[in-house]
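Analysis of the macromolecular model
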Amino acid sequence: MEIKTDKIKHFFACLAVALMASFIEAVCGASYLLSVVAGVIAGTAIGIGKEYGDKCVPGNKWDWFDIAADAAGAIIGAALGSLFSLIN
């Protein structure tokens, strides 16, 4: 099974957004759980926005596999970024 480069880009873009959002929350004093929630929301929101933009382009369509890659990246990024809340 081959993973398309599009899915890899979706995964890493949402991972980066979620990691930064959860890291910022953790540094500002949020608990691990709240940092994870903030990261997942930020990562998936950016992915859903991108996918909606893709859908609006003529000749393109909504792709649920892109959303799955976005969600996976957001969850992993948020979990990693939130680890900084355990250090404080």
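Here is a short report on the structure shown in this document. (Residues numbered from 1 in each chain as written. Predicted model: local features only at pLDDT ≥ 70, side-chain atom pairs only at ≥ 80, totals over all residues. Heavy atoms only, no water.)

**Quick notes on helix 1 (residues 5-27)**
Each α-helix turn comprises 3.6 residues. Residues three or four places apart therefore point the same way. Between its terminal C-alpha atoms helix 1 stretches 33 Å, which fits the 33 Å expected from 23 residues at 1.5 Å a residue. Those residues of helix 1 that fall on the buried side of the exposure criterion are Lys-7, His-10, Cys-14, Leu-15, Ala-18, Ser-22 and Ala-26. Taken together, the buried residues of helix 1 touch helix 2 (32-56), helix 3 (64-81) and helix 4 (84-87). Of the residues trailing helix 1, Gly-29 is marked for its positive phi of about 105°. (Helix = DSSP H or I, 4+ residues; strand = E, 2+ residues; numbered from the N terminus. Expected span 1.5 Å × (residues − 1). Buried < 20%, exposed > 50% of the residue type's maximum accessible area, 1.4 Å probe, protein only. Contact = heavy atoms within 4.5 Å.)

**Regarding the packing of helix 2 against helix 3**
Between helix 2 and helix 3, whose axes approach to 8 Å, the crossing angle comes to 155°. In this view, helix 2 runs roughly antiparallel relative to helix 3, as classed from their interaxial angle. Viewed along their axes, helix 2 and helix 3 form a crossing whose handedness is right-handed. Contact residues: helix 2 offers Tyr-32, Val-36, Gly-39, Val-40, Gly-43, Thr-44, Gly-47, Ile-48 and Glu-51, while helix 3 offers Asp-66, Ile-67, Asp-70, Ala-71, Ala-74, Ile-75, Ala-78 and Ala-79. Looking at the contact of helix 2 with helix 3 residue by residue, the class counts come to 10 nonpolar, 4 polar and 3 charged. (Axes fitted to C-alpha atoms, helices over the stretch in contact; angles between N-to-C directions. Parallel < 35°, antiparallel > 145°, perpendicular 65-115°, else oblique. Left-handed = near helix turned anticlockwise from the far one by under 90°. Nonpolar A, V, L, I, M, F, W, Y, C, P; charged D, E, K, R; others polar.)

**So, the packing of helix 1 against helix 3**
Where helix 1 meets helix 3, the axes come as close as 6 Å, and the angle between the chain directions of the two elements is 30°. Classified by the angle their axes make, helix 1 and helix 3 are roughly parallel. Along this stretch, helix 1 crosses helix 3, giving a crossing that reads as right-handed. Taking contact as the criterion, the partners of Asp-6, Lys-7, His-10, Phe-11, Cys-14, Leu-15, Ala-18, Leu-19, Ser-22, Phe-23 and Ala-26 in helix 1 are, on helix 3, Phe-65, Asp-66, Ala-69, Asp-70, Ala-72, Gly-73, Ala-74, Ile-76, Gly-77, Ala-78, Leu-80 and Gly-81. Of the residues assigned to the contact of helix 1 with helix 3, the class counts are 14 nonpolar, 5 polar and 4 charged.

**Section: helix 3**
Here helix 3 spans 25 Å end to end across 18 residues, near enough to the 26 Å set by a 1.5 Å rise per residue. The inward-facing, buried residues of helix 3 contact helix 1, helix 2 and helix 4. Measuring from the side-chain oxygen of the N-cap residue of helix 3 to the backbone nitrogen of Phe-65 gives 3.0 Å; that N-cap residue is Asp-63. (Polar contact = N/O pair within 3.5 Å; in protein donor to acceptor, adjacent residues only side chain to side chain.)

**Considering the pattern of salt bridges**
Counting across every chain of the model gives 4 salt bridges. A salt bridge links Lys-7 to Asp-6; the nearest nitrogen and oxygen atoms lie 3.5 Å apart. One salt bridge in this structure joins Lys-7 and Asp-66, with 2.8 Å as the shortest N-O distance. Here Lys-7 is found in helix 1, whereas its partner Asp-66 is found in helix 3, with 59 residues between them in sequence. The exposure class of Lys-7 is buried, given its relative accessible area of 15%. (Salt bridge = Lys/Arg side-chain N within 4 Å of Asp/Glu carboxyl O.)

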